[in-house]
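Next come the chains, spelled out residue by residue.
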Protein chains: 4
Amino acid sequence: MPLSTDQAAEIDRLRTESASTRRAVAPALEEILYQALPVLDHGFVRVVDYMGDDAAVVQAARVSYGRGTKKVSEDRGLINYLMRHRHTTPFEMCEIKYHVKLPIFVARQWIRHRTANVNEYSARYSILDNEFYIPRPEHLAAQSKTNRQGRDAVLAGPEAERVFELLKRDSALAYEHYLEMLNEGEDGAPLDPGRSGLARELARMNLSLNFYTQWYWKTDLYNLMHFLSLRADAHAQYEIRAYADVMLDTLKRWTPFCHDAFMEYRMGGASLSRTGLAVVKKMLAGESVDQKSSGLSAREWRELMAVLER
Amino acid sequence: MPLSTDQAAEIDRLRTESASTRRAVAPALEEILYQALPVLDHGFVRVVDYMGDDAAVVQAARVSYGRGTKKVSEDRGLINYLMRHRHTTPFEMCEIKYHVKLPIFVARQWIRHRTANVNEYSARYSILDNEFYIPRPEHLAAQSKTNRQGRDAVLAGPEAERVFELLKRDSALAYEHYLEMLNEGEDGAPLDPGRSGLARELARMNLSLNFYTQWYWKTDLYNLMHFLSLRADAHAQYEIRAYADVMLDTLKRWTPFCHDAFMEYRMGGASLSRTGLAVVKKMLAGESVDQKSSGLSAREWRELMAVLER
Amino acid sequence: MPLSTDQAAEIDRLRTESASTRRAVAPALEEILYQALPVLDHGFVRVVDYMGDDAAVVQAARVSYGRGTKKVSEDRGLINYLMRHRHTTPFEMCEIKYHVKLPIFVARQWIRHRTANVNEYSARYSILDNEFYIPRPEHLAAQSKTNRQGRDAVLAGPEAERVFELLKRDSALAYEHYLEMLNEGEDGAPLDPGRSGLARELARMNLSLNFYTQWYWKTDLYNLMHFLSLRADAHAQYEIRAYADVMLDTLKRWTPFCHDAFMEYRMGGASLSRTGLAVVKKMLAGESVDQKSSGLSAREWRELMAVLER
Amino acid sequence: MPLSTDQAAEIDRLRTESASTRRAVAPALEEILYQALPVLDHGFVRVVDYMGDDAAVVQAARVSYGRGTKKVSEDRGLINYLMRHRHTTPFEMCEIKYHVKLPIFVARQWIRHRTANVNEYSARYSILDNEFYIPRPEHLAAQSKTNRQGRDAVLAGPEAERVFELLKRDSALAYEHYLEMLNEGEDGAPLDPGRSGLARELARMNLSLNFYTQWYWKTDLYNLMHFLSLRADAHAQYEIRAYADVMLDTLKRWTPFCHDAFMEYRMGGASLSRTGLAVVKKMLAGESVDQKSSGLSAREWRELMAVLER
């Protein structure tokens, strides 16, 4: 369960309040504001604030005094143009803030995106909860034989059982010892009044990378899309992709035109190298090309044929 | 006049609209939202959007599920603590967006703050208006004799008159020739239908640095305060300080607790060097110290005595 | 002439010195180190320092204890792989520092690249030289009729003559009045000992955007290539492209494998949208597609056909 | 042992090579280039490259054609001036690159400094070594009673013994199971040829936060000093401070004038709030001030008296 009863109640209370604003409002995003959208076994993504909408992108691109353009279709057309020609600054004019609960190993990948603001729950200062990630059976993949950072078929049978046993047992043990070193009972009282308890900033090092942490993460629309282009991609590790997929939905609610342009020009598109482009031109001209004559390496040739579905 | 009638009407229209939101709202900032706050002779600062408030800083610092703390006094205390101990990330969780009209030489100083998003009016694409900055008589300062980047007394009499004449005449001429090179009449029609007109991206180079440009500028609360600490400072050039002063007021409307903490711990405070601190300790212990025995250079000694008002 | 005799002598002296280092050295870049490579009429680009080489990219990608891989061909292959799959961090591990002299309107475009370090010559503090950019006749282009930020045919005849006359006369006048307001003679002595002279930070506003400024500009290899991908592109304004072209040569001298990979996968390649890719697949399958049936706008269709040279 | 025999040999070999360069050289830093400076039980810091020296800061500040100023004493004076007045851009003109081996929980603090380039050893792609951090007895501190993120006295006796036992046993077990899940023997051969082995990107989640990772980390001189001001500070966790202390030595070897200015104006200095400054002025004027009349909170009063050693 990602939320305690208290937390759920606090969110519900927050969602009942509303106020009047002169700012741009994104109604579909307001609908889910503050809600914890579940990800993995104990994680979530919550949109906790945002600034701007599709029209704000247009407004910034035109450095205008009012909002957007006269016609909605013009807004969409300009957004498509900006995305196609890789104009980035108008998209930077919208901002979104998430509250995310995620396993530490996912957090370590995520934090590599530097153009964002982050405030993480401090395990120097506070005690982490007893929550750790255990993959669902269908995500317990074997190491790929061909791609050193990839996954292969799902593990099954005794091997899978043993992995689940190890992951669960070691995590439970690590947490039990964490509390023991802290001299901290489940009720917050010291386990043994005669002991001091290890400093929190030290005891945390006994926890494993599947424990959950949480943070506030804020970024602009351009950098959100850049994050999603990498993390909603098929090459991303499943566990971070699960977050990216949920965030793609929030993007659609927030700025539907930008979302559509992003899907058209980034996620669904393809990049060709100079040599790859030359191959395509030859093929279109009816010339026969194979890997040897193409100038591409065997791997690049395979990748190109996959893109072209040939 | 910073605004045309059309622009003023567009802003007025925008200010009449409002919508309901679940997000944090800063009422005092809403009051002036979209309004053009005049700066210099033709410039302005407009707040066009914002995200978060004082409570959002607290919320991020605590990575909390709800908003702020239970008591307003606790919020203020925590904000003071964060500012005093130079915690920066909670302040990065609020964001503000301005529309600014400013002389190009001011824009060139301003843009050096890199942690911001900017979308500038394009003179490659559009034609700049005939608006240029002329200082008011009380700001027409002489070059400082002692500080190579400082100002001295105000110029007066024939010298001042001559400067005003040159600035105005050269600016007017530059603009007249700009239009002539563009082959562009005041009404937008070509001056001479037989001519092509120089490319906009080239013609603009004839304009001088006092012409006005405009941009959308967006930054987070931490970086806004950092900008203000440098640009509302007495050492900043008057012309950019005029913008910073108006923005300080918007900061106060937006996040009054952060504003107060900023004035207390940044703007109004002082930094002592290791040797300067040793001097203060000696003085407090009743020892006599002079520049020679202090270990400070003559200049640093003067600066320290100025800070201590001795 | 971009350099004074003193400056040329100082550079020559610097180039005679050398020292021993354990660091990676890029011999072809050392050859031109410190030399002023001319750009436009008075500008230049000088490489004044660098860190790393092709092998350093490989070393960082492998987080290795030694340098590069065993074989040069492996280094090249890995660099191609990193570029193709848009891994950015290994390329960020090399750094280069330029001294650039450039017209202010070019500097204003350039500075929009934020991921760089910049230290500009200060016109608050110092007096600018009497050097301004005048395009060569073949670059005096008319405004494009079809693309609002583009150029058309070159201006000629009386229209060109008039433009040159205006640009030169206005620039000369602006500088003459700049010195007069500063009360500064060509020899540095006051023009009139009875006058104070206007503050430098104010007088500079009379100069036009074609005057030259200079700065130290430092960036990493990844961001240099990103800068070049935008500024050496056919859509960039000629005047900044002239700088990017010279910098492309320095890239080739510094990190030849990265340069080649950059030309293959960035500069010479193409991006297809989702719909564009679908069109290509249909064409390859022998289906007939036209703009109407393609789902592309007329403009996108034209752009795609241009890329495919059809 | 931070290094294997192979790694030590590779470093030794690298250190025997040298080449000629026209670039600025920092001889004291060259002396230790590539050497693994030990930190904690298995960690290290290695300087693997650098760009610039003290003179390069001066050169950038002056946007000069040659190197530094005429006199060394002028260079030192200018650097002090720049540091005192918080000019940051000239210090950004030098760059340094480290190879660091560090526990994951330290890496998680470190990575929060965003203005740096990082390339980390990938546990998606490779297998981590069996090396984890165990504090030395004198660093096994109890949780502070007064400061939630601080340490108190060192644990001793049976409590300390138990902590060591738990940390060591859990880490050893986590690693044993990590290899078992990977189906990877110590010799790299599969433990059981009939098993597939869990994907590396998943198996790593069983490791605890005291396991060592490594990365290349590159930053500029300004941001290095900013990092050190926070991480060599008494409030930083001991384990990251141990790295910062070693890096302070490398700073001294690299840019001794900047190092001295940094110690004088940042590390050894103090910041006073507006109210704190008013208190100091009153005390210097011989007025009696106590906490109540000062306007400071009890905590701020204590902090101020500590700074003034009163």
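Residues numbered from 1 in each chain as written. Chains lettered and ligands numbered in written order. Predicted model: local features only at pLDDT ≥ 70, side-chain atom pairs only at ≥ 80, totals over all residues. Heavy atoms only, no water.

An unreviewed UniProt entry lists chain A under the name Flavin-dependent thymidylate synthase, with Vineibacter terrae given as the organism. What UniProt records for chain A under Pathway (unreviewed entry) is the sentence "Pyrimidine metabolism; dTTP biosynthesis." Turning to chain A, the UniProt annotation filed under Sequence similarities (unreviewed entry) states: "Belongs to the thymidylate synthase ThyX family." (UniProt positions renumbered as here; feature names shortened; annotations may be inferred.)

On to the pairing of strand S8 (residues 212–220) of chain C. Residues and elements named next belong to chain C. Of all nine residues in S8, nine are buried; the element is thus mostly enclosed. Burial along S8 is two-sided: the residues Tyr212, Gln214, Tyr216, Lys218 and Asp220 and Thr213, Trp215, Trp217 and Thr219 are all buried. The pairing of strand S4 (residues 95–103) with S8 spans nine bridges and is antiparallel. By the bridge assignment for S8, Glu95 is matched with Asp220. (Buried < 20%, exposed > 50% of the residue type's maximum accessible area, 1.4 Å probe, protein only. Helix = DSSP H or I, 4+ residues; strand = E, 2+ residues; numbered from the N terminus. Pairing = 2+ DSSP bridges.)

On to the UniProt feature "binding site: FAD" (unreviewed entry) in chain A, then. Residues annotated by UniProt as "binding site: FAD" (unreviewed entry) correspond here to A:Thr89, A:Arg112, A:His113, A:Arg114, A:Glu120 and A:His226. What stands out for the annotated residues spanning 138 residues is how far apart their C-alpha atoms range, the widest pair being 27.5 Å apart. Its place among the elements puts A:Thr89 in the loop between helix H4 (72–84) and strand S4 (95–103). Excluding its chain neighbours within four sequence positions, the residues that come into contact with A:Thr89 are B:Val118, B:Asn119 and C:Arg112. As for its position among the elements, A:His113 is in the loop between helix H5 (104–110) and strand S5 (117–120). When neighbours within four sequence positions are excluded, A:His113 is seen to be in contact with A:Phe227, A:Leu230 and A:Arg231. (Contact = heavy atoms within 4.5 Å.)

UniProt annotation of "binding site: dUMP" (unreviewed entry) refers to A:Gln109, A:Trp110, A:Ile111, A:Arg112, A:Glu120, A:Tyr121, A:Ser122, A:Ala123, A:Arg124, A:Arg204 and A:Arg231 when read in the numbering used here. Judged by maximum C-alpha separation, these annotated positions cover 123 residues in sequence and are scattered in space, the widest gap reaching 28.8 Å. One can find A:Gln109 in helix H5. Considering the arrangement of structural elements, one finds A:Tyr121 in the loop between S5 and strand S6 (141–143). Here A:Tyr121 falls in the partly exposed class, since its relative accessible area comes to 25%. Setting aside anything within four residues of it in sequence, one finds A:Tyr121 in contact with A:Ser126, A:Ile127, A:Leu128, A:Thr213, A:Gln214 and B:Val63. At a separation of 3.3 Å, a polar atom in the side chain of A:Tyr121 contacts the main-chain carbonyl oxygen of A:Ile127. (Polar contact = N/O pair within 3.5 Å; in protein donor to acceptor, adjacent residues only side chain to side chain.)

As a further point, take the relation of the copies chain A and chain D. Each copy of the sequence occupies a distinct position, and chain A is placed on chain D by a rotation of 180° and an axial shift of 0.0 Å, giving an RMSD of 0.0 Å. Put plainly, the chains are arranged around a two-fold axis. Scanning chain A for the C-alpha nearest the rotation axis identifies A:Ser208, at a separation of 1.8 Å. Of all interface residues in chain A, 100% are interface residues in chain D too; the two copies therefore contact each other through one and the same surface. (Least-squares fit on C-alpha atoms with pLDDT ≥ 70 in both.)

Moving on, we get to the relation of the copies chain D and chain C. With an RMSD of 0.0 Å, the operation that places chain D on chain C is a rotation of 180° combined with a shift of 0.0 Å along the axis. Both copies contact each other with a shared surface, as 100% of the interface residues of chain D are interface residues in chain C too.

At the interface, 61 residues of chain A touch 61 residues of chain D. In total, about 5600 Å² of surface goes out of reach between chain A and chain D, with carbon and sulfur atoms giving 51% of it. Across the chain A-chain D interface, the total number found is eight salt bridges. Our enumeration of links across chain A and chain D arrives at 36 residue pairs in polar contact (both at pLDDT 80 or more). Among the elements of the structure, H5, S5, S6, helix H6 (157–182), helix H7 (200–203) and helix H9 (238–254) of chain A are those that each provide at least two residues to the side of chain A that touches chain D. Broken down by element, the residue count for the side of chain A that touches chain D peaks at twelve residues, all from H6(A). Classifying every residue of the side of chain A that touches chain D by side-chain character gives 27 nonpolar, 16 polar and 18 charged. (Buried area = accessible area lost by both parts, 1.4 Å probe. Salt bridge = Lys/Arg side-chain N within 4 Å of Asp/Glu carboxyl O. Nonpolar A, V, L, I, M, F, W, Y, C, P; charged D, E, K, R; others polar.)

Here we take up the sheet that holds strand S8 (residues 212–220) of chain B. All names here are of chain B. The five strands are arranged S2-S3-S4-S8-S5 in an open sheet whose pairing can be described as antiparallel. The outermost strands of the open sheet, each flanked by one partner alone, are strand S2 (37–39) and strand S5 (117–120). For this sheet the average axis-to-axis angle between neighbouring strands, irrespective of direction, equals 25°. (Axes fitted to C-alpha atoms, helices over the stretch in contact; angles between N-to-C directions.)

Between chain D and chain C, the residue contacts involve 55 residues of the former and 55 residues of the latter. Together chain D and chain C conceal approximately 5000 Å² of surface at their shared face, both sides included; 50% is due to carbon and sulfur atoms. A per-residue breakdown of the area chain D buries against chain C is headed by D:Arg22, D:Arg23 and D:Tyr65, which together make up 22% of the total. Our count for the contact surface shared by chain D and chain C stands at four salt bridges. The partner of C:Glu30 in a salt bridge is D:Arg23, with the nearest N and O atoms 3.4 Å apart. Inspection of the region where chain D meets chain C yields 40 residue pairs in polar contact (both at pLDDT 80 or more). Of all the secondary-structure elements, those providing two or more residues to the side of chain D that touches chain C are helix H1 (5–16), strand S1 (19–21), helix H2 (27–32), strand S3 (43–51), helix H3 (54–61), strand S4 (95–103), strand S5 (117–120) and strand S8 (212–220) of chain D. Per-element tally for the side of chain D that touches chain C: the top contributor is S8(D), with six residues. Grouping the amino acids of the side of chain D that touches chain C by side-chain chemistry returns 25 nonpolar, 13 polar and 17 charged. Taken together, the three bridges between strand S1 (residues 19–21) of chain C and S1(D) define a ladder with antiparallel strand orientation.

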